[in-house]
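What the coordinates show
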Amino acid sequence: MTTTSTSTVPATDRPPAGAGPARRARPALPRPRPARIAAVLLGAVPLAVLVLLWHLLTVNQVVLWLRFDKIPGPAEVVASFASRLSSGAYYADLLASLRRILLGFGIAAVAGVTIGTLIGRSSAARALLRPVIEVFRPIPAIALVPMAILLFPTGEQGIVFITFFAAFFPVAVSTIHAMHALPKVWEEAARTMGAGRLSVLVHVVLPGAMPGIFSGLSVAMGVAWICVISAEMISGQFGIGYATWQAYGLLDYAGVLVGMLSIGVLGWGTAWLVERVGRRVTRWLPRSAR
C-alpha cells in the first residue's frame, strides 16, 4: 500500500483561483543620493563665487587691467531681467533663436551622420567627398553671412544655413572617426553569423559608433549657438542675439548682460538635452549604466 504525502500550504499563501502567476512588487523609486546632492551643491559654489566677485568689483568700481566702473552689477541685471520677463518680445526672441538652432542643428545632424557614415564605409565616397569637406571645414561660418544674404531670399533662411554650416562639420568628422575606430572583429563576427551588409550597418556599426557621434553632436551644438548669435547680430531682425546687439546700441548694458546670460542658459539647456539623448542611446555602455 502506497501513501502519498501532500504538503499543506496555508490558505493565505495560495494564489486565488484563476489569478495567474503572481506579480512581483515593483521596487520603490530610488531617492536622490547624497552624492548627487553634494555634486549639485559643489557645482553651484563657483557660480556663487563669480556672482559675489562681480558684485564686489562693480560696487567698488575697481579699475585695474579691466574696468568695472561702467559694468552694471548683479542687482541691475536682475531688475532688467525681471522687466523683460513681463515683455512678450523677450519670449519671441528666445523662441526665434531656439527655432533657428533646432532647425539648423537638426539638418546638420542628419546630413553629418549620413555623409560621415558614407565616407567611413565607402572608399569611393571617401575619395569624392572628403576633399570637399576638408576644403570647406576651415572656413568660419560667420564669414558666410555676406554670401547668405546674397544667396537666400530671406534673412531667416540665411541664418538657418549658417547654423547648419557651423554644426555640420563637427558631426561629419566625428562620425568618420567613429567609423574608423570600430574594431573590425565586431563586423567579422556579425558576418560569420550570417548578417548582411545592411544588418551589420544597422545593428553593429551605427550602435558602436554612437558614442563618437554624440561627442560630435555635443561640440556641434556649442558651435551652432556661437554662429547663430553672431549671424543674428549682423543680419537678423529678431532673436536673442539681435536683442543683445540692440541693447548695446541703446547703451543698455544691463540688457546686454541679460542677453548674454540668456544665451548661456539656452546653450546649457540644449547641450544637456543632447547629452541626455546620447545617454539613452548608448545606455549599453558600462559608464552610461553607472
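Below you will find a few notes about this structure. (Residues numbered from 1 in each chain as written. Predicted model: local features only at pLDDT ≥ 70, side-chain atom pairs only at ≥ 80, totals over all residues. Heavy atoms only, no water.)

1. Some points on the layout of surface pockets
Empty space among the atoms becomes apparent when a probe as large as a water molecule is rolled across them. How we decide: Think of a 1 Å grid over the protein atoms and nothing else: a 1.4 Å probe that fits but is trapped marks a cavity, an open set flanked by protein within 12 Å on at least five of seven lines marks a pocket, and residues with an atom within 4 Å of a point count as lining. Grid points are joined across faces, edges and corners, and a volume is the space filled by probe spheres set on the points. Only runs of H or I of at least four residues qualify as helices and only runs of E of at least two qualify as strands under DSSP, and these elements are numbered from the N terminus.
Estimates place the volume of the second largest pocket at around 330 Å³. Every residue lining the second largest pocket is counted, 13 residues in all, and those nearest its centre are Val51, Trp54, Val77, Leu261 and Val265. Of all the secondary structure elements, the ones that give two or more residues to the lining of the second largest pocket are helix H1 (34-59), helix H2 (74-85) and helix H10 (253-281). For the lining of the second largest pocket, the leading source of residues is H1, giving five residues.

2. Let's talk about the packing of aromatic side chains
Which entries qualify depends on this criterion: Any pair of Phe, Tyr and Trp rings, taking the six-membered ring for Trp, is counted once the centres come within 6.5 Å. Such a pair is stacked with planes under 30 degrees apart, edge-to-face with planes over 60 apart, and tilted for the rest. Partly exposed residues are those whose accessible area sits between 20% and 50% of the maximum for their type, while under 20% is buried and over 50% is exposed, using a 1.4 Å probe and protein chains only.
All chains considered together, the criterion is met by nine aromatic pairs. Summarising the aromatic geometry, the rings of Phe164 and Phe168 are spaced 5.7 Å apart at their centres and angled 40 degrees between planes, so their arrangement reads as tilted. Remark: Phe168 and Phe164 occur in helix H6 (residues 155-181); sequence separation between them is four residues, near one turn of the helix. A relative accessible area of 22% means that Phe164 is categorised as partly exposed.

3. Points about the pattern of salt bridges
Between side chains of opposite charge, a pair can form when the charged atoms approach closely. Heads up, the condition is: Salt bridges are defined by distance alone: a side-chain nitrogen of Lys or Arg within 4 Å of a carboxyl oxygen of Asp or Glu.
For the structure on display, the rule yields eight salt bridges. The salt bridge involving Arg100 is made with Glu156; its shortest N-O contact spans 2.9 Å. Of this pair, Arg100 sits in helix H3 (residues 88-121) while Glu156 sits in helix H6, and the two are 56 residues apart along the sequence. The buried category is assigned to Arg100, whose relative accessible area is 2%. Between Arg137 and Glu134 there is a salt bridge whose closest N-O contact spans 2.9 Å.

So yeah, pure geometry; function would need other evidence.
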